[in-house]
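Residues per chain are reported as follows:
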Amino acid sequence: MSIWVVLDRSPETRYQKRYVLPGVVIPGPNKPKNLDSFLFPSFHHLSAIQQEGLKIWDASRNIIYTSNPFLALGTADGPALAYLNGFVGHHGKYGCRLHCGMKGRHKAGCPHYFAAHKKPPDFNVEGCDHPDIDVRNLGTCSTEVYWKDLVYVLLSVTDSQYRQRRLETGISKPSLFLGFQSAHIFGVPTCFGSDIMHLLSLNIPDLLIPLWRGTFECDKDDNKSTWTWAVLVGDVWKEFGMLVEESTSHLPGCFDRPPRNPEKKINSGYKAWEFTLLLYGLCVVFLHGVLPDQYWIHFCKLVRAVRIISQHHITQNELCVAARLFVEFIEEFEDLYYQRRIERIHFMRQSIHALGHYATEVQSKGPLICASQWTMECTIGNLVIEMRQPSKPYENLSQRAFRRAQHNALMSIFPVLDPDYSKPPFPKWSKDIGGGYALLKQQERHRHATTIAEGQVIRLYLQNYHLHSPEFDHFNIDGSFQVIRWARLRLPNGQTSRSLFSTRERRQNARRARNAKLFIEGRVYFAEVQFFFEVLSKASSTSHEPLAMVSFYSNPDHNLLRKSSETFYTCIYQGAAALGVVKATCLQSVVAMVPHLLDNVRRFYMFEKPGLDVANLGDFLRTELEDEEDDN
């Protein structure tokens, strides 16, 4: 099936199901012989209104204006994209989905090409013996070059000539996207985006994890005993699975579905999101000391680059870092795994090569997460859930999509019919404190005493910021403070930060959401929230200042942070020794703190939910260098 996403809406709403427009539902169970025949009606309609214009009434301004819709991007997974762009598949000689012009290589007698940039020694397979390809200077395909190659293929006279020219150009047919008005599309092949979801969450894990387990396809001329990276075998693999399973309670609920035990479930419908949390989150800590050091350091470069490229907001400096790390990962992957050996050329899949294009794709098309396949997969799941009849599933799916389109159109014309139209932004009995923050129940009805240590830091905060506050009257003789606690805080990003005061956080198997990233005076900190509360700044004031009692984690191990490309943030929980009071609005996001042992010391590994704007952990390294300079 296909969907339309309206990019005029902000990323916060454009992916909600009431704004996603179902496009085409193709009946199964077999693949369509001619996909263009299903896409043509809707494509023809869009092309017509691009040319003639679509009159729209703007009720907010009471005017009628003419819109000429612009088709920004067309995306799909790897196999499906070959139907849209008309290129050969990923096993073709020119298998890059962006048609960058890189030639693949294949083994003698094998028809499948692989994206090996470096040429094996004494490699003389005809058409594949070209010199090494510089990953740092991958080409791009312009519309002019595409048209030249397309015309060359279309002028083929015989089938054999067509096959030869298809091999030479990597183009198998004209794209249906050529029918759109040239002024209202980026042009072919520029209009086709990179697939960040399937590649990072399925293709890369499907390559790396089998390599580490030693279950990847081994050529008859190769020997698995030489695979020094194949360490997840036997009891090591079982222990790795147990560690992943035990980490579930330390992953906040807002991280969505946690990864199951891969030792038991990796072949039982392991989901893309589970692979994402496993590979780019938990593997960093659980493979440390298990993978040989050079392989672990190499893997961390991929993790850091993926965390950057998966953000909705990416700075120029971050993009440069991601580009460098992706290139280093590709080059070192060939040196560490492929090793220019013919029998290992099948290690070099197109998914490795595609990483080298991500930075330039972000420059030209914006953050890739904003046009990923996650929306499509969620839409399919939503429609399938709505089906009630087990018979004729494809007919039922088509009807559900048709009704969804009608419903969304009706909600767009009459927004007041939407049940959520007048829904308040925060739950009932919450307290809006501004800036997208809100204190949430549970809340104490009366003041209760804090610990003496907590009372001391509250007194220190009041002395520094609110010297004339009436709250000083609520200190007990022993130094404790009488306070009304709140349990939760809604953050502007939609997450809910809990505190240790929350009843749910004290349950044995609860998924902990009390650890948070804080931004204070230009620096990033990580802390466990004890509770939220409010104070009056002046006796004459009626407004309360929302605060949070937190326990700061220690600074990270700088050597490991530097060695891991700023991915392995491991710190120590300091408890009552590091209590502090901060403004509630300093909390930025909920993070995971996964316990682990390092040199027989219990530490905590921090990682953020993929897709959120990650912390610049390099600040901790720069601060260390500044401290060393001051000491000198």
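These figures come from a predicted structure and were not determined experimentally.

Brief notes about the overall build of the chain
Right, on to step 1. Within the chain one finds 17 helices and 17 strands.
Right, on to step 2. Computed over C-alpha atoms, the radius of gyration of the chain comes to 28 Å, within 12% of the 26 Å expected from 2.2 N^0.38 for 632 residues, which places it in the range of a compact globule.
Right, on to step 3. For the chain, the spread of C-alpha atoms along the three principal axes comes to 95 × 70 × 55 Å.
Right, on to step 4. Out of the 632 residues in the chain, the part that is buried amounts to 50%.

Some thoughts on the confidence of the model for the chain
Right, on to step 1. Per-residue confidence for the chain gives a mean pLDDT of 91, with 97% of residues at or over 70.
Right, on to step 2. Across the chain, element-level confidence peaks in strand β15 (residues 579-583) with a mean pLDDT of 97 and bottoms out in helix α17 (residues 618-631) with 50.

Observations concerning the pattern of salt bridges
Right, on to step 1. Under the definition given, this model contains 30 salt bridges.
Right, on to step 2. Notably, a salt bridge pairs E274 with R257, separated by 3.6 Å at the nearest N-O pair. Here the residue E274 occupies a position in helix α8 (residues 272-286), and R257 occupies one in the loop between α6 (234-246) and α7 (262-265), the gap between them amounting to 17 residues.
Right, on to step 3. Using a relative accessible area of 38% as the deciding quantity, one classes R257 as partly exposed.
Right, on to step 4. Among the ionic contacts, a cluster of salt bridges with common partners joins K17, E386, R400 and R404.

Details of the state of the cysteines
Disulfide: a covalent bond formed between the sulfur atoms of two cysteine residues.
Right, on to step 1. Across all of its chains, the model carries zero disulfides by this definition.
Right, on to step 2. Cysteine C100 is unpaired, with the sulfur of C96 as its nearest cysteine sulfur at 3.7 Å.
Right, on to step 3. When its relative accessible area of 10% is taken as the criterion, C100 is described as buried.
Right, on to step 4. Considering cysteine sulfurs only, C370 is the nearest to C320, which forms no disulfide, with 19 Å between them.

Observations regarding the packing of aromatic side chains
Right, on to step 1. By the definition in use, this model includes 35 aromatic pairs.
Right, on to step 2. An angle of 85° between the planes, with centres 5.4 Å apart, marks the rings of F216 and F347 as edge-to-face. In this pair, F216 is assigned in the loop between α5 (196-213) and α6 and F347 in the loop between α10 (316-338) and α11 (350-354), connecting sequence segments 131 residues apart.
Right, on to step 3. A residue is classified by how much of its surface remains accessible, and F216, at 6% relative accessible area, is buried.
Right, on to step 4. Ring geometry for F326 versus Y358: centroids 5.7 Å apart, planes at 80°, classification edge-to-face. On the criterion of sequence distance, the pair formed by F326 in helix α10 and Y358 in helix α12 (residues 358-365) is long-range, its members being 32 residues apart. Side by side, F326 and Y358 carry an identical accessibility label, which is buried.

Brief notes about the nonpolar core
Right, on to step 1. W212, I309, F333, L355 and L587 are the most contacted members of the largest nonpolar core, which totals 101 residues.
Right, on to step 2. In terms of residue count, the dominant contributor to this core is α8 (11 residues).
Right, on to step 3. With near-sequence residues (within four places) excluded, F333 lies in contact with L207, L208, L211, H298, Y338, F347, M348 and I352.
Right, on to step 4. By size, the runner-up hydrophobic cluster in this structure holds 23 residues, among which are L71, C141, F177 and F192.

Thoughts on the side chain of T450
Right, on to step 1. Mapping T450 onto the fold places it in the loop between β7 (448-449) and α15 (452-465).
Right, on to step 2. If sequence neighbours within four positions are ignored, T450 has contacts with G455, I458, S480, F481, V483, R485 and F531.

Quick notes on α12
Right, on to step 1. Inspection of α12 places Y358, A359, E361 and V362 among the buried residues, and these make up the whole buried set. End-on, the buried residues of α12 take up no more than an arc of 160°, which puts them together on one face.
Right, on to step 2. Residues of α12 that are buried make contact with α5, α9 (293-309), α10 and α11.
Right, on to step 3. Backbone geometry just downstream of α12 places G366 in the positive-phi region, at approximately 85°.

Structural notes on the packing of α5 against α8
Right, on to step 1. The contact between α5 and α8 brings their axes to 9 Å, and the two run at 60°. Taken together, α5 and α8 sit at an angle that is classed as oblique. In this structure, α5 meets α8 at a crossing whose hand is left-handed. Between α5 and α8, the residues in contact are M197, L200, S201, L202, I204, P205, L208, I209 and W212 and A272, F275, T276, L278, L279, Y280 and C283, respectively.
Right, on to step 2. Within the contact of α5 with α8, the residues separate by chemical class into 14 nonpolar, two polar and no charged.

Section: the pairing of strand β17 (residues 601-608)
Right, on to step 1. Most of β17 sits out of view: six of its eight residues are buried.
Right, on to step 2. Where strand β14 (residues 569-571) meets β17, three bridges bridge the pair, whose relative direction is antiparallel. When the sheet's bridge partners are listed, C571 is paired in β17 with F604.
Right, on to step 3. Counted between consecutive antiparallel strands, the loop separating strand β16 (residues 587-598) from β17 contains two residues, among which D599 sits at a positive phi close to 55°.

Quick word on the pairing of β16
Right, on to step 1. Counting buried positions along β16 yields 10 of 12 residues, so the element is predominantly enclosed.
Right, on to step 2. Across three bridges, the pairing between strand β11 (residues 515-520) and β16 is antiparallel. Within the sheet, the bridge partner assigned to L518 lies in β16 and is L587.
Right, on to step 3. In terms of strand pairing, β16 meets β17 through eight bridges, oriented antiparallel. Note that in β17 the partner of V594 across the bridge is Y605.

Considerations on unusual backbone geometry
Right, on to step 1. Of note, the amide linkage connecting V188 to P189 takes the cis form, showing an omega dihedral of 10°.
Right, on to step 2. Relative to the helices and strands, P189 is located in the loop between α4 (159-169) and α5.
Right, on to step 3. The omega torsion across K441 and Q442 is 15°, close enough to zero to call that bond cis.
Right, on to step 4. Looking at the secondary structure, you find Q442 in strand β6 (residues 437-443).
Right, on to step 5. With a phi angle near 55°, D122 is a residue other than glycine that sits in the positive phi range.
Right, on to step 6. Mapped onto the elements of the fold, D122 is located in the loop between α2 (78-85) and α3 (143-154).

Calculation rules
- Along each chain, residues carry numbers from 1 onward, in the same order as the chain's sequence is written.
- It should be noted that, the model being predicted, local features are given only for residues of pLDDT at least 70 and side-chain atom pairs only at 80 or more, the latter also being counted only at that level, while totals for whole chains, interfaces and linings use all residues.
- For side-chain calculations, the full set of non-hydrogen atoms in the structure is used, while hydrogens and water are omitted.
- Labels follow the DSSP assignment, with helices taken as runs of H or I lasting at least four residues and strands as runs of E lasting at least two, numbered in each case from the N terminus.
- With the radius of gyration taken over C-alpha atoms, the globule rule is written as 2.2 Å times the number of residues to the power 0.38.
- Each residue is assigned to one of three classes by its accessible area relative to the maximum for its type, calculated with a 1.4 Å probe on protein chains only: buried under 20%, partly exposed between the two thresholds, exposed over 50%.
- pLDDT expresses, on a scale from 0 to 100, how confident the predictor is about each individual residue.
- The rule for a salt bridge is simple: a side-chain nitrogen of Lys or Arg has to be within 4 Å of a carboxyl oxygen of Asp or Glu.
- The disulfide definition used here is simple: a pair of cysteine sulfur atoms within 2.5 Å.
- Between the rings of Phe, Tyr and Trp (Trp by its six-membered ring), a pair exists once the centres lie within 6.5 Å; its type follows the angle of the planes, with under 30 degrees stacked, over 60 edge-to-face, and the other angles tilted.
- What we call a nonpolar core is a set of buried Ala, Val, Leu, Ile, Met, Phe, Trp, Tyr and Cys residues that are connected through their side-chain atoms within 4.5 Å.
- Throughout, a residue-residue contact means that at least one pair of heavy atoms, one from each residue, lies within 4.5 Å.
- The directions considered for the arc are those from the helix axis to the C-beta atoms.
- Angular values range over 0 to 180 degrees, each being the angle between N-to-C directions of two axes fitted as lines to C-alpha atoms, with helices fitted over their stretch in contact.
- Each angle gets one of four labels, with under 35 degrees taken as roughly parallel, over 145 as roughly antiparallel, 65 to 115 as roughly perpendicular, and the rest as oblique.
- What makes a crossing left-handed is the near helix being turned counterclockwise from the far one by less than a right angle; a clockwise turn instead makes it right-handed.
- Note on residue classes: Ala, Val, Leu, Ile, Met, Phe, Trp, Tyr, Cys and Pro are nonpolar, Asp, Glu, Lys and Arg are charged, and everything else, Gly too, is polar.
- The pairing criterion for strands is at least two bridges between them, as found by DSSP.

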